[in-house]
Structures are given as C-alpha cells and as structure tokens.
Amino acid sequence: MSVICVIGTGYVGLVTGTCLADMGNQVTCVDIVAEKIEKLKKGILPIYEPGLEEMVHRNYQAGRLHFTTSYSEGLAASDFIFIAVNTPTGNGQGGADMRYVESAARSIAEELDHYAIIINKSTVPVGSGDVVSRVIHNNLKRSDITFAVVSNPEFLREGSALLDFQQPDRIVLGSSDPEAAYTVARLYMPLRAPIVTTDLYTAEMIKYASNAFLATKISFINEIAQICERLGADVKEVAVGMGYDKRIGHAFLNAGLGYGGSCFPKDVRALAHMADEAGLHPQLLHAVMEINHDQRRLVISKLTSILGSLRGTTIGVLGLAFKPNTDDMREAPAVDIIRWITSQGAHVRVYDPVASETGREALVREGVRLDSVTFCENAYSVAEQTDALVIVTEWNEFKSLNMQHVRSLMHRPVLIDGRNIYDGSEMHRLGFIYRAMGRGTGPAPTILPAGDSTALPALQPTLDLNIGD
Ligand SMILES: NC(=O)c1ccc[n+]([C@@H]2O[C@H](COP(=O)([O-])OP(=O)(O)OC[C@H]3O[C@@H](n4cnc5c(N)ncnc54)[C@H](O)[C@@H]3O)[C@@H](O)[C@H]2O)c1
C-alpha cells in the first residue's frame, strides 16, 4: 500500500486517484475549486464518466479515497504526488498553457516536508519536467528536502477511462532518476502492462507523437472520404478494407466530422508550435489541423446544397458532446456547427443524452444566442417539424431510432449523417434525402470469411469502431 496525492480532480485526476485507491492505496485528491471538492465529498461527481461514480463511492466509503482543497493535507506522508491539472492551449500561437502545472508545482514545494516522487500526468511540452523540477527546487521551504520528477503521460480515453487506466496498452515512465522511475513502475505492477522507461524529454514526446498520429489517421480518412464522395466510392467500406491490413488496423479510420475534445486539437497545435519554435516547418501537422477544421464545415455545405438558404429553417441536431459516453464539450464539432447554422438565420433543435447542460454552457461561451436553440427531451422531439436532421455525435441510442417515425415527424426529410451511422440505401427507401460523409452509392461489398471462396450470402461490414481520444 502506498500513500498517494493526486493534484487535480478532472477527467484524468479523478480517474487516476480513484483507480489507484481501488488498487488498495491511500489516495487524497486535491483541487483548487472548493465547490468541486465539497460536491465530491457528498458523492456528486464534477464529470460524467461511465462507472466512475460507483467506484468513487465505494472507495470513499472504504476510507481509501479522500478529497481536499488543502495541499498540506494532501501531501502529508505521500510517497507519490501526481500532477493531473489542465494544460489548455495558451498563447496565441497554439502552445500549451503551463500556468496550472507551474502553480501546482509551487504549491507542492511550499508544503513538501519529506522525500516524494512527483509524477507528471498532465500533457506538457517537451522539457516541462525540468521546469517542474526548477519551480519546486526554487520554492522549497526547507533546503534539506529532496524529490524526484517522473513523467508519466496519460493515454486514457474519456468514455472508457476506467478500463483504459486498469488495462493500459503501455505505461510510459521518463526520468533522469532511473531509481525513481522503477519505484513508480512498482506502483503500477498490479496492472501487468508493458512499461516503457525512458528519459524525461522522450516520455513527454511519446504523448504528443501518439496523439498527433491518431489525429493524422482521422484527418487522413477524412481526406479519403472527400475523394470517395467525389468519385463514387464508399469510405466506410474503404476503411474496413484497409483496416484488415495489420500494418494499418481498423481503429481511428472513421470518416466523419473530425476530431474534437480536450486532447487532440490542443495537443496537435502544441506539437506544431514546439516544432515551429524549434525552427522546423511541420507541414503534416498543419495539414491535419486544416483538414479537421474544414470537415465540420461540410455539414453546412451539405445542408445548403439541398435546402438553399437556411434562413427561416429549423434544423435538428443529434448530439452535443465531442464523442459518445462523455459530457465533455471541449472543442466539440457541435458548437461550431450550431453557431454556423444559427448565424445563417435558422433555428436549431438539439438533444444529447448527457451533455445538454455542459453543451448549453459551451454554446453560451461561444456566443450562440440561446433563443435560436431549443433543447429537447429526446431524439424524436428534436425531429419535430425540422427541415433537416444532422447527426453530430454517434451515441448508441441514435443508431437504433425508429427512422420511419423520425421521418414522419419532420417537415422535410433531409438527413445529414455526420458520423456515417445509417445505411444509405435503407434511408433512401424510407424516403430520406440522405447525405453521409464520403459515401458514394455503389453496391454493398461482400466480405467472405477467410479461406472460403464459395458463394455465401452478402455480409455487410459491421465493425463498430467508435474510438475517440
Ligand atoms: N481528458 C482526457 O481524456 C485526457 C487524456 C490524457 C491526457 N490528458 C491530459 O491530462 C491533463 C488533465 O486533463 P483533464 O481533462 O483531466 O483536465 P480537467 O480540466 O478535466 O481537470 C483539471 C483539474 O485540475 C484542477 N486544477 C487546476 N489547477 C490546479 C492547481 N494548481 N491545483 C489543484 N488543482 C488544479 C482544475 O480545477 C480541474 O479540476 C491535461 O494535460 C490533459 O491534456 C487528458
């Protein structure tokens, strides 16, 4: 059993603290937002993450998980101190804002009265481990205190964060103090995951390179989607056909509205910024960002190509969150799409299973007039009297709607499937004017089971590959 302090109770901090407590450790989570801590003590979570509420309650009641705003309380007797605070885009050029990490490091230094390993889980620019060391060193209240810094980037995905923490593909530990890295490795041993130990800079870079690669896969398939659409091929089936190649894989080849969320957009920007600052010209990263930005615009061009002017129309939007199974609205395509639609004089009706409240706040922050938006109780209510329906987030409940009923509720049967979740020929049969992302109208392909070339009934590709960051 170790004594652990986790700084920050957001998606990463709360999941990390709770899972470490669930492994039998004594964990105290510290946050500067008193309201969050008060709510957590009452069992109310600041975020939606499947399974997390139950795990927080269980470990809190077992006395293994504690919440406080006090660094001295959190740090007391801690062997490990995790930093899991936010690192949003900061300066005008796309670099990461390190203020929260530096402030956490200062607060640690002011209260630290024993040796501890400080583990950085926040995604930070290459070289930040040195910055954290320097800030702590310069602010220690006792000069005899020693400490080590280890970089341990986090790879969990919102929506499946508990499983990702408990069954990680790998754990990356970077430090200039190998002994400290091995001590952290022992803490993770029960997870039985491959552990990559490296130097600080390399560990920090592994996180950015991983996210940039996944974002590149998404922008790549979105570019292919546009070519498919123009030439009459179906990108969904192209992706299935590509994904069977082990060198390529199926994941992150879903054409759609592009990536959003709290990580990919800011991390690709920050990596490009680091490269720019180093005097390089990261062409691929800039192309990835440009394609991603344009992708969500396609909804507007698809709508106007069918409806003409949007002025006076009512457009239904299904989904607000940047991906299913989260209420996170950071850089969600829905915000841009709703802003563009309403700015053209249309009214929007919208529904999201869990992100209505965070969605409403995000729309207000982005200057969308809420009198142009009606928040509905369910997907069918959204469809009522609309001139078009747009699928923005691929929540499971949108995949099994009674589309005949949906069509009967609409004023005009226009369906823009931004996530390619419906079968085009079925939608045409139901009378929809159906537009998807990069899908032509060719015949459905047949996939024969391996090794059998005899005539078999046609199989539709059924891979469900909704994987986000
Ligand atoms: N969200 C993800 O899916 C994800 C995945 C991998 C990595 N990351 C990275 O992990 C980091 C945290 O991300 P997140 O999504 O959990 O952020 P978040 O915004 O959800 O949570 C950050 C928390 O830190 C708190 N905080 C800020 N400054 C503090 C301070 N000085 N002391 C104590 N608490 C403080 C905030 O109040 C907030 O509760 C980021 O660097 C992010 O890039 C996030």
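Residues numbered from 1 in each chain as written. Predicted model: local features only at pLDDT ≥ 70, side-chain atom pairs only at ≥ 80, totals over all residues.

Asker: Help me get a handle on the overall build of the chain, residues and values and all.
Answerer: Secondary structure assignment for the chain yields 18 helices and 14 strands. For the chain, the spread of C-alpha atoms along the principal axes amounts to about 75 × 55 × 50 Å. For the chain, buried positions account for 47% of its 469 residues. Expressed as a percentage of contacts within the chain between residues at least 6 apart in sequence, the contacts between residues at least 24 apart total 73%. (Helix = DSSP H or I, 4+ residues; strand = E, 2+ residues; numbered from the N terminus. Buried ≥ 20, exposed ≤ 12 C-beta atoms within 10 Å, placed from the backbone. Contact = placed C-beta atoms within 7 Å.)

Asker: Explain helix α13 (residues 333–343) residue by residue, including any values.
Answerer: The buried fraction of α13 amounts to 8 of the 11 residues, a majority that puts the element mostly inside the structure. Regarding α13, the residues found buried are Pro-333, Ala-334, Val-335, Asp-336, Ile-337, Ile-338, Ile-341 and Thr-342. Those residues of α13 that are buried lie in contact with α12 (283–307), β9 (314–318), β10 (347–351), α14 (356–365), β11 (373–375) and β12 (388–391).

Asker: Explain the site of the ligand to me, and be specific about the residues and the numbers.
Answerer: Surveying the vicinity of the ligand reveals 28 residues, the closest of which are Gly-8, Gly-10, Val-12, Ser-122 and Thr-123. Of all the secondary structure elements, the ones that give two or more residues to the shell around the ligand are α1 (11–22) and α5 (99–111). Looking at the shell around the ligand residue by residue, the class counts come to 12 nonpolar, 11 polar and 5 charged. (Near = placed C-beta within 6 Å. Nonpolar A, V, L, I, M, F, W, Y, C, P; charged D, E, K, R; others polar.)

Asker: Please provide a residue-by-residue account of helix α9 (residues 200–231), values included.
Answerer: Here α9 spans 47 Å end to end across 32 residues, near enough to the 46 Å set by a 1.5 Å rise per residue. Immediately downstream of α9, the backbone of Gly-232 shows phi near 90°, a positive value. (Expected span 1.5 Å × (residues − 1).)

Asker: Account for the pairing of strand β4 (residues 80–83), naming residues and giving values.
Answerer: Of the two faces of β4, the one lined by Phe-80 and Phe-82 and the one lined by Ile-81 and Ile-83 are each fully buried. Bridge count for strand β1 (residues 3–7) against β4 is 4 bridges, and the pairing is parallel. For Ile-4, the partnering residue across the bridge sits in β4 and is Phe-80. In this region the chain leaves β4, passes through α5 and returns to the parallel neighbour strand β5 (residues 116–120); the handedness of that crossover is right-handed. (Pairing = 2+ DSSP bridges. Right-handed = clockwise from strand over helix to strand, strands pointing away.)

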